[in-house]
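Given next are the chains, with one letter for each unit.
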Amino acid sequence: AMGKHFGNLARVRHVITYSLSPFEQRAVPNVLSHGVPNVMRRFRSQVLKVVPPFVVGYLIYSWGTQEFERLKRKNPADYEHDQ
């Protein structure tokens, strides 16, 4: 044979591979029984690592915004004696 087909590009000896036909596999086997509880478990395990930095960041941001708005105002006391 001139060219080798893609499956036979190299000769590999003494290696046995097993596979399951796609028709024997279920595409979405246990989404409701395993998938959803697994997502919930993973979410709960990470929530205390992820949420506090966001909360702290939001508090700093909101304080900074309020402070900026406060400092932007002119102080009326500075103008009491103007004519």
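Residues numbered from 1 in each chain as written. Predicted model: local features only at pLDDT ≥ 70, side-chain atom pairs only at ≥ 80, totals over all residues. Heavy atoms only, no water.

- In the nomenclature of an unreviewed UniProt entry, the protein is known as Cytochrome b-c1 complex subunit 8 of Grallaria varia.
- If you open the UniProt record of the protein and go to Subcellular location (unreviewed entry), you find "Mitochondrion inner membrane". (UniProt positions renumbered as here; feature names shortened; annotations may be inferred.)

What to know about the overall build of the protein
Point 1. Each helix and strand counted, the protein has one helix and zero strands in total.
Point 2. The globule rule puts the C-alpha radius of gyration for 83 residues at 12 Å, and the 33 Å found for the protein is more than 25% above it.
Point 3. Counting all 83 residues of the protein, 0% fall into the buried class.
Point 4. As presented, the protein carries roughly 9000 Å² of accessible surface, and 62% of it is formed by carbon and sulfur atoms. (Helix = DSSP H or I, 4+ residues; strand = E, 2+ residues; numbered from the N terminus. Rg over C-alpha atoms; globule rule 2.2 N^0.38 Å. Buried < 20%, exposed > 50% of the residue type's maximum accessible area, 1.4 Å probe, protein only. Areas by Shrake-Rupley, 256 points an atom, 1.4 Å probe, with all protein chains shown as cover.)

Looking at the pattern of salt bridges
Point 1. Scanning all chains against the criterion turns up two salt bridges.
Point 2. Glu67 is paired through a salt bridge with Arg70; the nearest N and O atoms lie 2.8 Å apart. With Glu67 and Arg70 both in helix 1 (residues 31-72) and three residues apart, the pair spans about one turn of that helix.
Point 3. When its relative accessible area of 24% is taken as the criterion, Glu67 is described as partly exposed.
Point 4. With a shortest N-O distance of 3.3 Å, Lys72 and Glu69 are connected by a salt bridge. (Salt bridge = Lys/Arg side-chain N within 4 Å of Asp/Glu carboxyl O.)

So, unusual backbone geometry
Point 1. If you check the backbone angles, His14 has positive phi at about 65 degrees while not being a glycine.
Point 2. Tracing the chain through its elements places His14 in the segment before helix 1.

So, the environment of Pro76
Point 1. Among the secondary structure elements, Pro76 is positioned in the segment after helix 1.
Point 2. Counting along the chain gives 24 residues from Pro76 to Pro52, while the straight-line C-alpha distance between them is 39 Å.

Focus: a nonpolar patch on the surface
Point 1. Residues Val50, Val51, Phe54, Val55, Tyr58, Leu59 and Tyr61 make up a contiguous nonpolar surface patch of about 760 Å² in total accessible area.
Point 2. Among the secondary structure elements, Val55 is positioned in helix 1.
Point 3. What makes Val55 partly exposed here is its relative accessible area of 43%. (Patch = residues over 30% accessible without salt bridge, like charges linked within 9 Å, V, L, I, M, F, W, Y side chains within 5 Å.)

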